[in-house]
Amino acid sequence: MPTTLDRAVNPLLSSASQLFVKMSQRNNMAKATVIRVSNRKRKQTLVEEHLQLQDIEDSAPSSCSSSFTKDEIHKLRLALLEWYDNNHRDLPWRTSKNASNGNDDEEEDEEVQRRAYGVWVSEVMLQQTRVQTVIAYYNRWMKKWPTIHHLAQASLEEVNEMWAGLGYYRRARFLFEGAKKIVAEGGRIPKMASMLQKIPGIGEYTAGAIASIAFNEAVPVVDGNVVRVIARLRAVSANPKDSATVKRFWKVAAQLVDPLRPGDLNQSLMELGATVCTPLNPSCSSCPVSEFCKALSISKEDTSVAVTDYPVKGTKVKQRCDFSAVCVVELLGADTMSDEKQSTSKFILVKRPDEGLLAGLWEFPSASLDGETTSSARREATNFFLKNVLKIDTRSKRNCNIVLREDVGEFVHIFSHIRLKLYVELLVLQLKGKVEDVLRSHGNETTNWKYVDGNSLSSMGLTTSVRKVYNLVQKFKQKSFPSHVPAKKRSRTTKRT
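Source: prediction; values computed, not measured. (Residues numbered from 1 in each chain as written. Predicted model: local features only at pLDDT ≥ 70, side-chain atom pairs only at ≥ 80, totals over all residues. Heavy atoms only, no water.)

### So, the pairing of strand S5 (residues 400–414)
Okay, step 1: Of the pairings in the sheet, the one linking S5 to strand S6 (residues 418–431) comprises 13 bridges and is antiparallel in character. Within the sheet, the bridge partner assigned to Gly-409 lies in S6 and is Val-424.
Okay, step 2: Connecting the antiparallel pair S5 and S6 is a turn made up of 3 residues. (Pairing = 2+ DSSP bridges. Helix = DSSP H or I, 4+ residues; strand = E, 2+ residues; numbered from the N terminus.)

### Comments concerning the nonpolar core
Okay, step 1: Core analysis: the biggest nonpolar cluster contains 115 residues, and Trp-120, Trp-141 and Phe-364 have the highest contact counts within it.
Okay, step 2: When residues of this core are sorted by domain, at least three fall in each of domain 1 (70–96 + 108–223 + 242–276) and domain 2 (320–335 + 343–480).
Okay, step 3: Residues in contact with Phe-364, not counting those within four places in the same chain, are Val-326, Cys-327, Val-328, Phe-347, Ile-348, Leu-349, Leu-457, Val-466, Val-469 and Tyr-470.
Okay, step 4: Counting residues in hydrophobic clusters, the runner-up holds 15 residues, among them Leu-331, Ala-367, Ile-392 and Leu-427. (Core = buried A, V, L, I, M, F, W, Y, C linked by side-chain atoms within 4.5 Å. Buried < 20%, exposed > 50% of the residue type's maximum accessible area, 1.4 Å probe, protein only. Domains from an automatic or database assignment. Contact = heavy atoms within 4.5 Å.)

### Section: the packing of aromatic side chains
The relative placement of two aromatic rings is captured by the distance of their centres and the angle of their planes.
Okay, step 1: Inspection of the entire model under this criterion finds 5 aromatic pairs.
Okay, step 2: An angle of 75° between the planes, with centres 5.3 Å apart, marks the rings of Trp-93 and Tyr-138 as edge-to-face. Residue Trp-93 is located in the loop between helix H2 (70–87) and helix H3 (105–126), and its partner Tyr-138 is located in helix H4 (residues 131–144); the two are separated by 45 residues in the primary sequence.
Okay, step 3: Here Tyr-138 falls in the buried class, since its relative accessible area comes to 7%.
Okay, step 4: A centroid spacing of 5.8 Å and a plane angle of 80° characterise the contact between Trp-141 and Trp-163, whose relative ring orientation is edge-to-face. Taken as a pair, Trp-141 in helix H4 and Trp-163 in helix H6 (residues 156–163) lie far apart in primary sequence, 22 residues in all.
Okay, step 5: Among the residues examined, Trp-141 registers a relative accessible area of 0% and is labelled buried.
Okay, step 6: Looking at Trp-163, the relative accessible area reads 0%, which means it is buried.
Okay, step 7: Three or more aromatic residues link up through ring pairs in this structure, and these residues are Trp-141, Trp-145 and Trp-163. (Phe/Tyr/Trp six-rings, centres within 6.5 Å; stacked < 30°, edge-to-face > 60°.)

### Overview of helix H9 (residues 204–215)
Because each turn of an α-helix spans 3.6 residues, side chains separated by three or four positions in sequence point in the same direction.
Okay, step 1: Relative to the 16 Å expected for 12 residues at 1.5 Å per residue, H9 spans 15 Å between its end C-alpha atoms, a close match to the ideal helical length.
Okay, step 2: Within H9, 11 of the 12 residues are buried, which leaves it mostly tucked inside the rest of the structure.
Okay, step 3: Residues of H9 that are buried: Tyr-205, Thr-206, Ala-207, Gly-208, Ala-209, Ile-210, Ala-211, Ser-212, Ile-213, Ala-214 and Phe-215.
Okay, step 4: Each element contacted by the buried residues of H9 is listed here: H3, helix H8 (193–196), helix H11 (243–256) and helix H12 (262–275). (Expected span 1.5 Å × (residues − 1).)

So far we have only geometry, and geometry alone does not tell us how the molecule works.
Following this line, the structure appears as structure tokens:
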């Protein structure tokens, strides 16, 4: 039987128990609330990170399949094509296709093939080279080799001479090898970009240009100009050199390609980037698509942002510094001593290796240096090269005498990735016998070299750096011997020096 005390305590215990249960429930609810808040914050953070990672896709609800809306694509195509029709530059490789007369399909196909060849040549030349520079080279090239069949019959040396001064000589070699491959396999340039990329030297960009411009295939092209236009239209802040970003540029460019005029649309983007949407001074007021430009819109809202902030500037790769001693060897035959015009003098040229920088091109004898060196060290390196490679011993008087040996100057030549400093000297040798006879007796089967006279050297297709070397020597001669001093007198002057 419950006592009086039990009856008094039990209700208190019951109330305390209920209170404890309620407090536990409230505590659990509080914990749950904290967890939900934490999850919401985490979710919000993830969303924010996702938005920060989005670039070209912007606020697209799904994937990157729609960088532009259908309405934007339609309006952009119309605006770009109308602007291109009225403003494109008149360039020799932009000749229009001949209208078909409906009777001679074979003749029309040949015309398309010639156009494809012309587009190929121009696009390869235009890589890393200004349009105004390319025009003269293109006209000379097409005059000499008007079709791919003519080019395939040329020699690599002829091609390199024609290319001299354009730089990036590997492009010329690939163009030549590609032409030979096509001719060997039937002589027809493939019409599809996917097939064009199987030809040596033709990448995605060149293939897209040929296929869209010549064969009307609806494929995109993306070069530096197109990257700049798209980066500003979409305010792309990602590194344009990043592989993932490059792929997205191609996707956006593919969206814009007009199925009826793919070549003209591609050229309109390139032309816009080259003439209006330029790197440093874009003419936004005359841009046909400025209303769609996010970079321009942002710059109007935020004065700290400029259109030229897009695309972002990548980190430049530091150039490698190389040093070279160049020896211009002028050879005088025994019959030259009494000839003031020196019409029989010859200059030695050496062919570079078939691989590497300036592969297969001709240059004056050169010796690589470890760095900045003294004149005597450079001369020692040159002597070693002449003796071991060309079999010319400057210290022996058995076959030749040194008439003149002078340092004539130095200069720096810039390649895309190399800063090359060249030290130039002139070495005039008097051979004991005719030039041809002496050199023939010293023939070297392992080294490709030849000698040419001064007139031929002046008209040869030399690289820019070799031409600079030759011009430096000519200026030295004009300054030192303005009256065409005979060889004997020059020898005495040199001894006094």
